[in-house]
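Structural features, examined
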Amino acid sequence: MSESTSTPEETPPYGAGGASGTSTSSAPRKRVRTHYLREMKQRGEKISMLTVYDMHTAAVFDEAGIDVLFIGDSAANNVLGYETTIPVTVDELLPLVRAVARTARRGLVLADLPFGSYQASPEQAFHTAVRFMKEGGAHAVKLEGGAEVAPQVDKLATNGIPVMAHIGFTPQSEHALGGYRVQGRGDAADRLVHAAEAMQDAGAFAIVMEMVPGDVAAQITERLEIPTIGIGAGVGCDGQVLVWQDAFGLRTGKMARFVKQYADLHGVLLDAARTFDAEVKSGAFPGPEHTF
């Protein structure tokens, strides 16, 4: 047993000697736990969640007070250059999870189980999730699906692995769903409610709802005891998640309707890179102050 009296709950914020300088955030210093998210729902407090794939963005988002730092399989088409999320593997995601877990001091580190790594059986899901917990340092995992993956959720939850579920539009099933389409309209709303309840009954600690009509998402949120996190599911959810490259303008082009862009990082980086290129070619950089 360690002789140290320090616990994860006592980990200092970045402003107290951490990775990214003086913090101006008033966010709580304690590590976010799954039961804290449930308590936030009970108090009517909203939950923030962003994707993150490396140490620097993890440090920034953690300092900002983001509650859940999510290493999504969206790394496939936001980091690794794939067209969709389907090709990404466990071995490709693990280094990203490790980078975030090594950096985060407050946020809950949540890792996505990629396509093909959990659907076959509860045992497959367990062994994949164990890798993300042991090798990656994740605090929890996420998987997609409704009642059909309830046995997987139950297997993980009863063996000490916190699980966030994901219903509505599930990107790993985009071919089966006929592309990026809103889920839960009309008669399909009842099936979505059933899926959400099945995930709660199986032991999920929270549920992502993607591209779900706002009234349906609000109804599900009201019925469930566990928190709901929306992405294109309206303001009635207990929290919201976005892909950070979309939200902060690193990615360009047409965005989904549910994306709000808070910055233009593409423009900032483009201007900086052009200035660097021009200064190198003109001989303005490096100057005497940059030379030993």
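Bear in mind the structure is a predicted one, so any value in this text is a computation, not a measurement.

What counts and what doesn't
Residues numbered from 1 in each chain as written. Predicted model: local features only at pLDDT ≥ 70, side-chain atom pairs only at ≥ 80, totals over all residues. Heavy atoms only, no water. Pairing = 2+ DSSP bridges. Helix = DSSP H or I, 4+ residues; strand = E, 2+ residues; numbered from the N terminus. Axes fitted to C-alpha atoms, helices over the stretch in contact; angles between N-to-C directions. Contact = heavy atoms within 4.5 Å. UniProt positions renumbered as here; feature names shortened; annotations may be inferred. Buried < 20%, exposed > 50% of the residue type's maximum accessible area, 1.4 Å probe, protein only. Polar contact = N/O pair within 3.5 Å; in protein donor to acceptor, adjacent residues only side chain to side chain.

Attention now goes to the sheet that holds strand S8 (residues 239-242). The eight strands lie next to each other as S1-S2-S3-S4-S5-S6-S7-S8, forming a closed barrel whose pairing is parallel. Looking at each pair of strands side by side, their axes are set apart by 25° on average, direction ignored. Against the sheet, helix H6 (residues 150-157) engages strand S4 (140-144) and strand S5 (163-168), with an angle of about 175° to S4.

With that settled, the discussion passes to the UniProt feature "active site" (unreviewed entry) in the protein chain. Within this numbering scheme, the UniProt entry marks Glu210 as carrying the feature "active site" (unreviewed entry). Structurally, the position occupied by Glu210 is in strand S6 (residues 206-210). Assessed through its relative accessible area of 8%, Glu210 is described here as buried. Ignoring any residue separated from it by four or fewer positions in sequence, one finds Glu210 in contact with His166, Ile167, Gly168, Phe169, Pro171 and Ile231.

Attention now goes to the UniProt feature "binding site: 3-methyl-2-oxobutanoate" (unreviewed entry) in the protein chain. In this structure's numbering, the residues bearing the UniProt feature "binding site: 3-methyl-2-oxobutanoate" (unreviewed entry) are Asp73, Ser74, Asp112 and Lys142. In sequence the annotated residues extend across 70 residues, while in space they remain close, none of their C-alpha pairs exceeding 12.4 Å. With respect to the helices, strands and loops of the structure, Asp73 is situated in the loop between strand S2 (68-71) and helix H3 (75-78). Owing to a relative accessible area of 4%, Asp73 belongs among the buried residues under this scheme. For Asp73, the residues in contact, after removing those within four places along its chain, are Thr85, Val88, Leu93, Asp112, Glu144 and Gln172. Mapped onto the secondary structure, Lys142 falls in strand S4. The class of Lys142 is buried, set by a relative accessible area of 2%.

Of note, Thr228 is situated in strand S7 (residues 228-231). Among the polar contacts made by the side chain of Thr228, one reaches the side chain of Thr221 at a distance of 2.7 Å.

Of note, the amide linkage connecting Phe285 to Pro286 takes the cis form, showing an omega dihedral of 0°. Tracing the backbone shows Pro286 in the segment after helix H11 (265-282). Residues other than glycine seldom take positive phi values, yet Met211 does so here, at roughly 50°. For Met211, the position within the fold is in the loop between S6 and helix H9 (214-223).

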